[in-house]
Amino acid sequence: MAFNASVALSLTNSQLLLVSSMGVCSGFRSSVACNLRCRRLKGDVVSSGSRSRSFGMVTAKGQKIEDHPLLNDSMDNTGDEQVGDVSPKVPERDFTGTAYVPVYVMLPLGVIDMNCELVDPEDLLNQLRILKSANVDGVMIDCWWGIVEAHAPQVYKWSGYRRLFQMVRDLKLKLQVVMSMHECGGNIGDDVHIPLPLWVTEIGETNLDIYFTDREGRRNTECLTWGIDKERVLKRRTAVEVYFDYMRSFRVEFDEFFQDGIISEIEIGLGPCGELRYPSYPAKHGWKYPGIGEFQFDLTPLPPFHGQPYEIMVFLYKMIQDVLFQCYDKYLMKSLSKAAELRGHSFWGRGPENAGSYNSAPHEIGFFRDGGDYDSYYGRFFLNWYSQVLIDHGDRVLALANLAFEGTCISAKLSGIHWWYKTASHAAELTAGFYNSSNRDGYAPIAEMLRKHGVALNFTCFEMRTLDQYEGFPEALADPEGLVWQVLNAAWDACIPLASENALPCYDREGYSKILENAKPLHNPDGRHLSVFTYLRLSPVLMERHNFQEFERFVKRMHEYSMHADVYIGYCHFVLGPKLWRVAVKRHRRFSGGRRRQGMDGGMASNSSNNQFQHHRQFQEQVSSPGGGARRSRPLEEKERTKLRERHRRAITARILAGLRRHGNYNLRVRADINDVIAALAREAGWVVLPDGTTFPSRSQGSRPAGGTSAVVTSSSSHLVSQPTPPGSIRGVSPGHRTPVEYNSCRMKGVFIPNSSPYDQSASTQSQSPGMVGEGREQTESDPRVGGSMDTINAKQIVDIPPIPKLTERDFAGSPFIPVYVMLPLGAINMKCELVDPDGLLKQLKVLKSANVDGVMVDCWWGIVEAHAPQEYNWNGYKRLFQMVHELKLKLQVVMSFHECGGNVGDDVCIPLPNWVAEIGRNDPDIFFTDREGRRNPECLSWGIDKERVLRGRTAIEVYFDYMRSFRVEFDEFFEDGIISMVEVGLGPCGELRYPSCPVKHGWRYPGIGEFQCYDRYFLKSLKKTAEARGHPFWARGPDNAGSYNSQTHETGFFCDGGDYDGYYGRFFLNWYARILVDHGDRVLSLAKLAFEGTQIAVKLLGIHWWYKTASHAAELTAGFYNPCNHDGYAAIVAMLKKHEAILNFSCSELWAVDQQVDFAEAHSDPAGLVWQVLNAAWDVGIPVASENALPCYDRVMYNKILDNAKPLNDPDGRHFLSFTYLRLSPLLMERQTYMEFERFVKRMHGEAVLDLQV
């Protein structure tokens, strides 16, 4: 890479000798090594020299920017002949008509000093104006953790950055910001020193293991080891929490720059030099290019155990482990030891003994040579663990970065480690954490992790040529071009955006041409290209006239775009996100190359004729025959006339049917047609109508009861055969067309006499499948998994229901042990966070202890602990309670209760949300769930503000995280001692993962279907965005025919059989509604897992069993469980729980289906079927299941039902509940008889024998 000879000659001989002897040019942000190339052009020695790190002055003091020569001499006026003597002539591609790739420039390292003040703002402004004149899109800046949070934890100073950002905004440039959580200085070329924060280095003086450590015990203070990601060693915070707090502070401080779109991208620092890698080749420890580097954790060899038995070998290893490993990063060693023990080879809990040193070559050592130990059983185990730690670190930090920077593009940087790429082991990549040997793709798992978070990949060394590396250092066996090609394809195969920057200073046309070729690959069939390129970096050398002209020319070529395109998409996937990026790429392909390409799949037409063609084709597909064969397309006018006639006919039919239902007491389907009307009239006259339409007089007309016919008769569309039935003589009725499952579920039925009132609209019914419509009030039931239903009835209409059989009891002696916990009363802690009646509670706890109860569950109320001000927590009452439980040697299950107590059935105390939250709600009521009528529900916060900064600069998710983290820190000793065995995370009303669809305060009564809760402005914004992305913006609304809180399914057009819930719009809306629920749980649990690392976390689901025997499962739909008869609504939820290794706590395990049929037959309830579905959904994915009772439980029958569900009979896998929580401790439970039954129940849950079994 060449630039003006005068620049090279300005270097002294000693400087040239020093740089040449190093053999590497490495910057603070990319320590990728390369050879220093010196070439002679026209008799002058020209060097691509060392990267300048000083903040140089472009103009003399006081010089006006308008007088700067670079502003008056644009590339528009400069021909190739004017710069022809700068670099040799090389063949160049013509990039006219190619995609637009934004170009950013990295600012100097020292632009902000250690006092967080802007250095020399006037000269920086001049340079920014020069860059603006070259049409640069923006600049990149490092936000140094060591500057901003230098002196004390969570005390941030952003003043210098604010002034800089304002300067950039005034020039209408964009900003890329790097969250630099590493040290600057110590790498070749770093001309400033910015250490980690002072308070962190003080911790490091007493705990050296917070840093990466090599085999000689040398600590690398450039960044924190990933071993403390989950360790509370940083003033009671983990490293990941520290990073999150830093990022969140930045997001809040510069909110207006995010809102205005000035900050276009955030790059997350994930390791040394801000790159996702281990610090395996630190120059401060003597590494020189092209050394392979070292693994960064304990590599101490163990003494030989030759001739020793396996057990003795493991024992000796564990004995000496603490002695040998005491000077190394103990946190990563602990992780490796654990992984080795899980694998069953404890002695693998060590590093390779033959991996060489920093400057070794692969062929010199046994581990990396061809056929070496890297590909052995142990080597593959170790390298898998080593690389997985890297991926897990990126996964944790990026999950929090997504939360902090919601709506902003996020990227992660990878270092281009191209030396030893042509060997089998790829040794330098292995020590850096990239498991990328010749028989394994080490970048695909990283790209997949980035895709999971929607993060762009920023990769270096795009300007390097393999030939140049071979000429300079042939022994390095480097191949930067092959590496770039591999990483490009790994990213694009994972459909993530790819950004890049140069690893070395680049000033010549040859280097720029190589960048352009990689940025816009030739003949790429998908038109893929870089999303953005960042030039490293702004310096006085770049501002040299001829260098700047080449740079300006490079920017123009990066910006070339198709003249036929009405928009460019070079950067659109950063705006749209990774999911829509592919759509943007397909659109770009239609326009790239200077001409429109017709006929591409998924393309987006740009002219009206194309749109009309696509619309016409879609219309033709819609009118295709049901069998799939296309029929002749009719003119549009004729089709419209047919539609109008059909609507008119249906309107008349609807009026006729409504009148017959209301005044004629006919049981007609909502979607009945004229055939149903004729059949009903014929039956009223005493005729029999068969399914095929055959009609004849009935022989038993005279035997009909006075209230109406008792025969099971059906319409022509019902597929049921009509049969005469003597009054009251048959216990059950069944349809003529039924599956075996339906038949079994219909064996116990009563015959129902129709109500004589002709105006009883509540009894008007319809079947939940097209083939189950009977006459009068006679009902048909089917299995809930098939989707049938029983129609609405009144208890007085029951003629005969079989009595509940007296149940025998199973013997649970010797069955698995299931711990039993008891929920403490709601009012155990008052609003002042004081323990209420500690003496009385202590007596009750002792009584529970005498029954061998394993522990208690308690709600930690957000409205009590953080009542008055944000992040001011009062845990006093809970401390006293927990200490009491600890002294009794009981365990604790704790509920993070982010909801209001009071307003629901059984609530005997009122604990509102925190006062400061209520104040925000008075000004912005949309923070609460809202129903269709606009009624707000202050029981909990709307999930629509999960990512909205409306809570004093924090999002709802961040508020929950801060609360959970405060609890974890406050009660650390209870976690360490194992007293707190489980933390249940509240995710909605009553602490359950559901919408507040059935609030008693708004008039809901069982068994009403409830209402959708999606009408606050945040939810509506999300719905609108989703509808527009689907291509149907008019779907951005809630259903208008979903009834009210106490409606029944057959009374609504949305939930009735064949209703809109199963239409195109209905499926779209319900998918979105349920996805919001799953996403909310996913976000909160990701943070809960971080806060409570090492402790079991649980999520509670409410058992919504009413209307379960209908096709739509209406009550579940309004609660957010998309669980109609043709869709498993719990599979997505348990998959999300599986992702976070959370426990599912499910209620209603004590309810009997028979009880529900007797007491509320109109509810079509099936708690047993629901429990069975949820249990299998959870167990199929391998997550533990806990449970609690939904209603007060004191009798043996209910206890037996719980036991049957907790320990299923004849389960081939022996599955059972993880634990059971009894709801709740009360004076009634303490009565003698009820307590004896409870004590007996506890024994049977524990697998102990009881003497009074009813066998």
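Throughout this description, residue numbers start from 1 for each chain and increase along the sequence as written. Only residues with pLDDT of 70 or above have their local features reported here, since the model is predicted, and side-chain atom pairs are shown and tallied only from 80 upward, although totals for entire chains, interfaces and linings are computed over all residues. For side-chain calculations, the full set of non-hydrogen atoms in the structure is used, while hydrogens and water are omitted.

1. Focus: the UniProt feature "active site" (unreviewed entry) in the chain
And then number 1: If you check UniProt for "active site" (unreviewed entry), the listed places come out as E275 and E501 in our numbering. A maximum C-alpha distance of 12.5 Å places the annotated residues, which cover 227 residues in sequence, within one compact spot.
And then number 2: Along the chain, E275 turns up in the loop between β8 (263-268) and α10 (310-324).
And then number 3: Residue burial is assigned from relative accessible area. The probe radius is 1.4 Å, only protein chains are included, and a residue is buried under 20% of its type maximum, exposed over 50%, and partly exposed in between. Looking at E275, the relative accessible area reads 0%, which means it is buried. UniProt positions are given in the numbering used here, feature names are shortened, and annotations may be inferred rather than shown by experiment. The way it works is that DSSP assigns letters per residue, a run of H or I at least four long becomes a helix, a run of E at least two long becomes a strand, and they are numbered from the N terminus.

2. Here we look at the nonpolar core
And then number 1: Formed by 309 residues in total, the largest nonpolar core has its most connected members in Y161, F165, F250, F551, Y878 and F882.
And then number 2: The element best represented in this core is helix α32 (residues 1064-1091), accounting for 16 residues.
And then number 3: The criterion used for residue contact is that any of the two residues' heavy atoms lie within 4.5 Å. Once you skip the residues sitting within four places of it in the chain, Y161 turns out to touch I112, C116, I141, D142, C143, W144, I147, V148 and F254.
And then number 4: Buried Ala, Val, Leu, Ile, Met, Phe, Trp, Tyr and Cys residues that are joined via side-chain atoms within 4.5 Å together make up what is termed a nonpolar core. Of all hydrophobic cores here, the second largest spans eight residues; its members include M823, M982, A1098 and I1143.

3. Here's the deal with the packing of aromatic side chains
And then number 1: Classification of ring pairs rests on two measures: the distance between centres of Phe, Tyr or Trp rings, Trp counted by its six-membered ring, which must be within 6.5 Å, and the angle between planes, read as stacked under 30 degrees, edge-to-face over 60 and tilted in between. Evaluation of the coordinates by the stated rule reveals 91 aromatic pairs.
And then number 2: Ring centres of Y281 and W287 lie 5.0 Å apart, and the angle between their planes is 45 degrees; on these two criteria the pair is classed as tilted. Comparing Y281 with W287, the two get one shared label, buried.
And then number 3: Both rings, one in Y281 and one in W419, keep their centres 5.4 Å apart while their planes meet at 80 degrees; by these two values the pair is edge-to-face. In this pair, Y281 is assigned in the loop between β8 and α10 and W419 in the loop between β9 (409-414) and α13 (427-432), connecting sequence segments 138 residues apart.
And then number 4: Exposure remark for W419: the relative accessible area of 0% places this residue in the buried category.
And then number 5: The ring of F257 carries R169 above its face, with NZ or CZ at 4.3 Å from the centroid. Criterion for a charge above a ring: Arg CZ or Lys NZ at most 6 Å from the ring centre, at most 35 degrees from the ring normal.

4. Structural notes on the confidence of the model for the chain
And then number 1: Confidence of the predictor at the level of single residues is captured by pLDDT, which takes values from 0 to 100. In this model, the chain carries an average pLDDT of 78, and 73% of its residues clear a pLDDT of 70 or more.
And then number 2: Of the regions scoring below 50 in pLDDT, residues 313-327 engages in 31 contacts with residues more than four places distant in sequence or in other chains.
And then number 3: Low pLDDT (under 50) marks residues 699-805, which in the prediction has 216 contacts with non-local residues, meaning those over four places away or in another chain.

5. Here's the deal with the state of the cysteines
In protein structure, a disulfide is the covalent linkage between the sulfur atoms of two cysteines.
And then number 1: Two cysteine sulfur atoms form a disulfide, by the criterion used here, when they sit within 2.5 Å. Counted according to the given criterion, the structure contains zero disulfides.
And then number 2: Left unpaired, C998 is separated from the closest cysteine sulfur, that of C990, by 8.3 Å.

6. Describing the pairing of strand β10 (residues 456-459)
And then number 1: Taking every second residue as pointing to the same face, both faces of β10 are buried, with A456 and N458 on one and L457 and F459 on the other.
And then number 2: Relative to β10, β9 runs parallel, the two sharing four bridges. Pairing of S411 across the sheet is with A456, part of β10.
And then number 3: Pairing between strands requires that DSSP locate at least two bridges from one strand to the other. Looking at chain direction, β10 and strand β11 (residues 498-501) are connected through three bridges and run parallel. Looking at the pairing, L457 lines up with L498 of β11.

7. Things to note about helix α36 (residues 1167-1181)
And then number 1: For α36, with 15 residues, the first-to-last C-alpha span of 22 Å sits near the 21 Å given by 1.5 Å per residue.
And then number 2: Across the 15 residues that make up α36, a large majority, 11, are buried.
And then number 3: Among all positions of α36, only P1167, G1169, L1170, V1171, Q1173, V1174, L1175, N1176, A1177, A1178 and W1179 are buried.
And then number 4: Of the residues one or two after α36, G1182 is the one with positive phi, at around 80 degrees. Helix span is expected to be 1.5 Å times the residue number reduced by one.

8. What about the pattern of salt bridges?
And then number 1: Each salt bridge in this description consists of a side-chain nitrogen of Lys or Arg and a carboxyl oxygen of Asp or Glu lying within 4 Å of one another. Scanning the model with the defined rule gives 63 salt bridges in all.
And then number 2: Among the ionic pairs, E353 bridges to R350, the shortest N-O distance being 3.4 Å.
And then number 3: Overall, the relative accessible area of 40% leaves E353 in the partly exposed class.
And then number 4: E866 is the partner of R954 in a salt bridge, and the nearest nitrogen-oxygen pair spans 3.3 Å. Of this pair, R954 sits in the loop between β19 (936-941) and α29 (956-970) while E866 sits in the loop between α26 (862-865) and α27 (876-887), and the two are 88 residues apart along the sequence.
And then number 5: Judged by its relative accessible area of 5%, R954 is buried.
And then number 6: Under the relative-accessibility criterion, E866 is labelled buried at 0%.
And then number 7: Look at the salt bridges and you will find they share partners, linking E149, R232, R237, E241, D245, R248, E866, R949, R954, E958, D962 and R965 into a network.

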